[in-house]
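Here is what each chain is made of, one letter per residue.
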Amino acid sequence: MARPWNFSAGPSALPEAVLQQAAAEMLDWHGSGMSVMEMSHRGKQFVQICDEAEQDLRDLLGVSDDYAILFMQGGATAENAIVPMNLIGRRGRAAADYVLTGQWSVKSHKEAAKYGDIHVAATSGSEVELDGQLQKPWTWVPPVETWKVRQDAAYLHFCSNETVGGVEFSDWPTADRLGVSDDVPLVVDASSHFLSRQLDVSRTGMVYAGAQKNAGPAGVTVVVIRRDLIGHALPVCPSAFDYANVAPEHSRFNTPPTYAIYVAGLVFKWIKAQGGVAALEQRNISKAQLLYGYLDRTNFYRNPIHAPVRSRMNVPFVLHDESLNDAFLKGADQAGLTQLKGHKSVGGMRASIYNAVPLEAVQSLVAYMQDFERRHG
Ligand code: PMP
């Protein structure tokens with residue numbers, strides 16, 4: 001049976017080679033006589049799997065040993081609470097700053113407000129005219145120079161790719177552009193573009209990502225954190241979520257999501273075999289250019305995002321005649337193009353074109369969109 005091209009925003013497509021390897025190793029991992037699911041997390045086989053995953057990710061990101069790599073649980077949503085619980089007290093006063101650019105950063109902000117004094121340093125939640133065009137709320141990114149960051153904030157949080165809105169930071173701000181000292185580290189929710197482009201982690205204090213887009217299956221959250229930021233958790237922080245407990249144990253303080261870490265490790269090896277993040281980034285650029293190029297040439301479909309901050313990973317688009325939405329989705333499924341329905345809050349369509357979605361899939365999608373336009377335009 002041919003598998004359809006899968007455009008889900010997450011959990012999303014995994015590289016087929018990874019799925020095949022996991023299937024081949026399901027009953028017997030490397031002659032151990034056990035499935036990875038059946039192994040003790042303290043046994044030598046799983047320790048090897050987990051340590052290799054950590055090292056491969058370190059290689060892919062090019063991060064030094066100044067940073068710890070942690071495999072956490074609870075998804076990025078739990079991390080929204082785990083971050084303030086670990087970091088907000090590090091400078092005495094419990095205060096942190098947040099930049100709001102869409103649904104996910106708004107959720108992070110709301111969660112953090114339970115733990116201290118949270119200030120909105122910038123928001124794109126209003127209409128604005130940019131390049132002679134009216135941009136709706138959450139379709140643009142406030143320029144870094146306009147962010148008002150407090151000098152005594154424990155950290156500055158932003159979401160570098162808004163999965164629902166389809167807004168991506170093409171670059172991460174540097175401390176000098178922000179006008180803050182190194183005492184205000186960046187904390188980045190990079191869930192939906194992690195490992196899709198070269199990102200300079202050393203510019204940040206911490207990056208986190210739910211794995212279920214580019215890094216593996218759901219169930220594991222990847223955290224990359226500068227070691228000097230660890231060790232300031234609030235007393236209320238559960239011990240399994242205190243980075244000071246998790247880091248020295250290489251994510252095995254308590255039972256980690258062993259199978260999810262194993263599959264993520266296979267994904268990291270797959271990325272290495274593809275030529276690393278730089279090679280995938282080139283493919284991702286080609287895929288995004290193909291889809292946005294078509295969206296810009298037609299009046300039948302439209303992407304509402306300010307062009308310089310359009311996401312390479314999540315491409316929302318609407319049909320000018322919304323009464324055709326159901327016919328579009330039905331025809332797409334029949335053409336082997338699945339999970340294209342837009343997020344319920346935005347409507348329309350969304351094509352998530354993560355690392356495991358090849359150029360061929362985007363070509364098929366554009367061909368279908370053109371054909372649909374010919375028949376209904
Ligand atoms: N942040 C971003 C950018 C996301 O895309 C998501 C999930 N789609 C989340 C946070 C929440 O992740 P989870 O469902 O793993 O808690």
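Residues numbered from 1 in each chain as written. Predicted model: local features only at pLDDT ≥ 70, side-chain atom pairs only at ≥ 80, totals over all residues. Heavy atoms only, no water.

Our next topic: the site of the ligand. Taken together, Gly75, Ala76, Thr77, Trp104, Cys159, Asn161, Thr163, Asp189, Ser191, Ser192, Gln212 and Lys213 form the complete shell of residues around the ligand. A distance of 3.2 Å separates an oxygen atom of the ligand from a polar atom in the backbone of Ala76. For the ligand, the accessible surface in isolation is 390 Å², of which the surrounding protein chains cover 84%. The biggest single contributor to the shell around the ligand is helix α3 (residues 75-87), with three residues. Counted by class, the shell around the ligand contains three nonpolar, seven polar and two charged residues. (Near = heavy atom within 4 Å. Polar contact = N/O pair within 3.5 Å; in protein donor to acceptor, adjacent residues only side chain to side chain. Areas by Shrake-Rupley, 256 points an atom, 1.4 Å probe, with all protein chains shown as cover. Helix = DSSP H or I, 4+ residues; strand = E, 2+ residues; numbered from the N terminus. Nonpolar A, V, L, I, M, F, W, Y, C, P; charged D, E, K, R; others polar.)

Next up on the list: the domain arrangement of the chain. In terms of domain boundaries, the chain breaks down into domain 1 (18-273) and domain 2 (275-376). Between domain 1 and domain 2, the residue contacts involve 28 residues of the former and 25 residues of the latter. Buried surface at the junction of domain 1 and domain 2, summed over both partners, amounts to about 2,200 Å²; 52% is from carbon and sulfur atoms. Taken together, the connections running from domain 1 to domain 2 amount to zero salt bridges. The tally of links from domain 1 across to domain 2 stands at 18 residue pairs in polar contact (both at pLDDT 80 or more). Looking at the side of domain 1 that touches domain 2, the elements that each hand over two or more residues are β9 (167-168) and α7 (258-273). By residue number, the principal contributor to the side of domain 1 that touches domain 2 is α7, which donates four residues. (Domains from an automatic or database assignment. Contact = heavy atoms within 4.5 Å. Buried area = accessible area lost by both parts, 1.4 Å probe. Salt bridge = Lys/Arg side-chain N within 4 Å of Asp/Glu carboxyl O.)

Attention now moves to the layout of surface pockets. The volume enclosed by the largest pocket comes to roughly 720 Å³. Considering the residues around the largest pocket, the lining is formed by 35 residues, among which Thr139, Arg302, Asn303, Pro304 and Ile305 are closest to the centre. Breaking the lining of the largest pocket down by element, the ones donating at least two residues are β6 (133-135), α8 (276-297), β13 (301-302) and β14 (314-319). Of the residues contributing to the lining of the largest pocket, the split by class is 15 nonpolar, 14 polar and six charged. Counting residues domain by domain, the lining of the largest pocket receives three or more from each of domain 1 (18-273) and domain 2 (275-376). Considered as a void within the structure, the second largest pocket measures approximately 370 Å³ in volume. (1 Å grid on protein atoms, 1.4 Å probe; cavity = no way out; pocket = protein on both sides within 12 Å on 5 of 7 lines; lining within 4 Å. Points joined across faces, edges and corners; volume = space filled by probe spheres on them.)

Looking at where Tyr155 falls in the secondary structure, it is placed in the loop between β6 and β7 (156-159). Taking the relative accessible area as the measure of exposure, Tyr155 reaches 0% and is therefore buried. Put simply, Tyr155 and Met206 are 51 residues apart on the chain and 9.5 Å apart in space, counted from C-alpha to C-alpha. Ignoring anything within four residues of it in the chain, the contact list for Tyr155 reads Val83, Pro84, Leu87, Ile88, Ala95, Ala96, Asp97, Tyr98, Ala112, Val184, Pro185 and Val187. Within the structure, Tyr155 has its side chain in polar contact with the side chain of Tyr98 (distance 2.7 Å). (Buried < 20%, exposed > 50% of the residue type's maximum accessible area, 1.4 Å probe, protein only.)

As a general feature of sheets, a regular strand has side chains that alternate between the two faces. Both faces of strand β16 (residues 349-352) are covered, namely the face carrying Met349 and Ala351 and the face carrying Arg350 and Ser352. Relative to β16, β14 runs antiparallel, the two being bridged by four bridges. Bridging across to β16, Val315 finds its partner in Ala351. (Pairing = 2+ DSSP bridges.)

Moving on: the nonpolar core. The tendency in soluble globular proteins is for nonpolar side chains to be buried side by side. Grouped together as the largest cluster of nonpolar side chains are 61 residues, with contacts concentrated most on Leu57, Phe71, Trp147, Leu156, Phe194, Leu195 and Phe268. By residue number, the principal contributor to this core is α7, which donates 10 residues. No fewer than three residues from each of domain 1 (18-273) and domain 2 (275-376) sit in this core. Look past the residues within four positions of Phe71 in its chain and what remains in contact with it is Cys50, Ala53, Glu54, Leu57, Val220, Thr221, Val222, Ser251, Ile261 and Phe268. Tyr292, Leu295, Leu337 and Met369 belong to the second-largest nonpolar core, a separate cluster that totals 30 residues. (Core = buried A, V, L, I, M, F, W, Y, C linked by side-chain atoms within 4.5 Å.)

What follows covers the sheet that holds β16. If you walk across this open sheet you meet the three strands as β13-β14-β16, and the pairing is antiparallel. Each having just a single partner strand, β13 and β16 make up the two edges of the open sheet.

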